[in-house]
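# Structure at a glance
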Amino acid sequence: MEAFDPAELPELLKLYYRRLFPYGQYYRWLNYGGVIKNYFQHREFSFTLKDDIYIRYQSFNNQSELEKEMQKMNPYKIDIGAVYSHRPNQHNTVKLGAFQAQEKELVFDIDMTDYDDVRRCCSSADTCSKCWTLMTMAIRIIDRALKEDFGFKHRLWVYSGRRGVHCWVCDESVRKLSSAVRSGIVEYLSLVKGGQDVKKKVHLSEKIHPFVRKSINIIKKYFEQYALVDQDILENKESWDKILALVPENILSQDHFLRDELQQGFQRHSSSLQRWENLKNIINKYQKNNKNDKCGPWLEWEIMLQYCFPRLDINVSKGINHLLKSPFSVHPKTGRISVPIDLQKVDQFDPFTVPTISSICHELDVISTKEEKEKGAESDIKPRTRDYKKTSLAPFVKVFEQFLENLDKSRKGELLKKSDLQKDF
């Protein structure tokens, strides 16, 4: 893949916005079939330009106006905000207090840096294939709950371009939700609680909620390879002491404290796999001997959840006026495109093979040169069409199009239902 050089970004962005950005699909998404008057026109966009110049409250009349502005400004980053009561670019002319955020997709932001206390391979903005499994588990757990527990149909998952994933829930009823309801949803989906100073961040009660059980079942599919092999979470005393800190100090059985017995067991074994098996056996034994309410299978589950369960940025989800990075935006540090993720192929998604702006611009150059040779002078006459289909961006636009198809079908179904009801009256 063509290496990305940040110094080339301004020129690459010009080409990207002129010939590769999927404007038609993008407008089709945010216009939602044009059913609600001025829905697109009242949407806020924000652009981050070169040297971190940040412009909020951008809004556009139509696709053509959006295209022209993006090609003129060549933003380093695009964020999407709420649909407001008035056009965002006229917010200064509106009476104080009248300019209000009214609707927005329910969004989730999951960032790898929030797992720094439990991942051993990388930290901060760095990621590798060993820790990316955290994002795979997060998508599987959150998406299952959104679909099955809440009944949300239209969920668009997008790679952030560097170290995380975003989710846009686009159902019509969801876009209208109040901030309080959004907070309730994100609270339901949050199990890991407490800042850096809190050692034990997951507390389960004896009655395990079905959401927790289903999440554990997903984690179990990945836990051995991810936690015990790739992360090696019980590799040495320093790493296993972190796990022992999650075991209550006062669990006693047959004159032994559970922590002490686990410590001795860990010293006798030589790998994370063996030590985890040992932990499960000892917890099982304690449970049988004691019927101890502090030592059920949930002790083992609490550890699994603390190390693997999704960590959501609550503020991003609950605020209607909160902005989130747009799909198909370019990450200025990595050059990677924020591409939609195919939910049928979550396990196969590899962030390190996602096209960079350099690679797709290079692909376009190669194809254009070839086409010009083949067509000769003819190529000057014909207007250029959108060229993403000729590059490795194409499959990701296809995923986006499939998502839009489902949105359209659903909208048509709702309209038919409404017209049938009206006929009945």
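Residues numbered from 1 in each chain as written. Predicted model: local features only at pLDDT ≥ 70, side-chain atom pairs only at ≥ 80, totals over all residues. Heavy atoms only, no water.

Moving on, we get to the environment of Glu65. Mapped onto the elements of the fold, Glu65 is located in helix H3 (residues 63-73). In the structure, Glu65 is positioned 352 residues away from Lys417 in sequence and 34 Å away in space, judged by C-alpha atoms. (Helix = DSSP H or I, 4+ residues; strand = E, 2+ residues; numbered from the N terminus.)

Buried residues of helix H8 (residues 237-244): Ser239, Trp240, Ile243 and Leu244, and no others. The buried residues of H8 occupy one face: seen down the axis, they fall within an arc of 145°. (Buried < 20%, exposed > 50% of the residue type's maximum accessible area, 1.4 Å probe, protein only. Arc of directions from axis to C-beta.)

Each aromatic ring pair is summarised here by two numbers: the centre-to-centre distance and the angle between the ring planes. Under the counting rule described, the total for this entry stands at 28 aromatic pairs. Geometrically, the ring pair formed by Trp132 and Phe349 is tilted, given 6.2 Å between the ring centres and 40° between the ring planes. In this pair, Trp132 sits in helix H4 (residues 129-149) while Phe349 sits in the loop between strand S10 (324-325) and helix H13 (357-375), placing the two residues 217 residues apart along the sequence. Phe349 matches Trp132 in its accessibility class, with the two residues each being buried. Above the plane of the ring of Tyr32 lies Arg175, whose end atom (NZ or CZ) is 3.6 Å from the centre. (Phe/Tyr/Trp six-rings, centres within 6.5 Å; stacked < 30°, edge-to-face > 60°. Lys NZ or Arg CZ within 6 Å of the ring centre and 35° of its normal.)

A few words now on the side chain of Glu103. Inspection of the secondary structure puts Glu103 in strand S4 (residues 101-103). Among the polar contacts made by the side chain of Glu103, one reaches the side chain of Tyr39 at a distance of 2.5 Å. Within the structure, Glu103 has its side chain in polar contact with the side chain of Lys176 (distance 3.4 Å). Ignoring anything within four residues of it in the chain, the contact list for Glu103 reads Tyr39, Ala82, Val83, Arg175, Lys176 and Ile320. (Polar contact = N/O pair within 3.5 Å; in protein donor to acceptor, adjacent residues only side chain to side chain. Contact = heavy atoms within 4.5 Å.)

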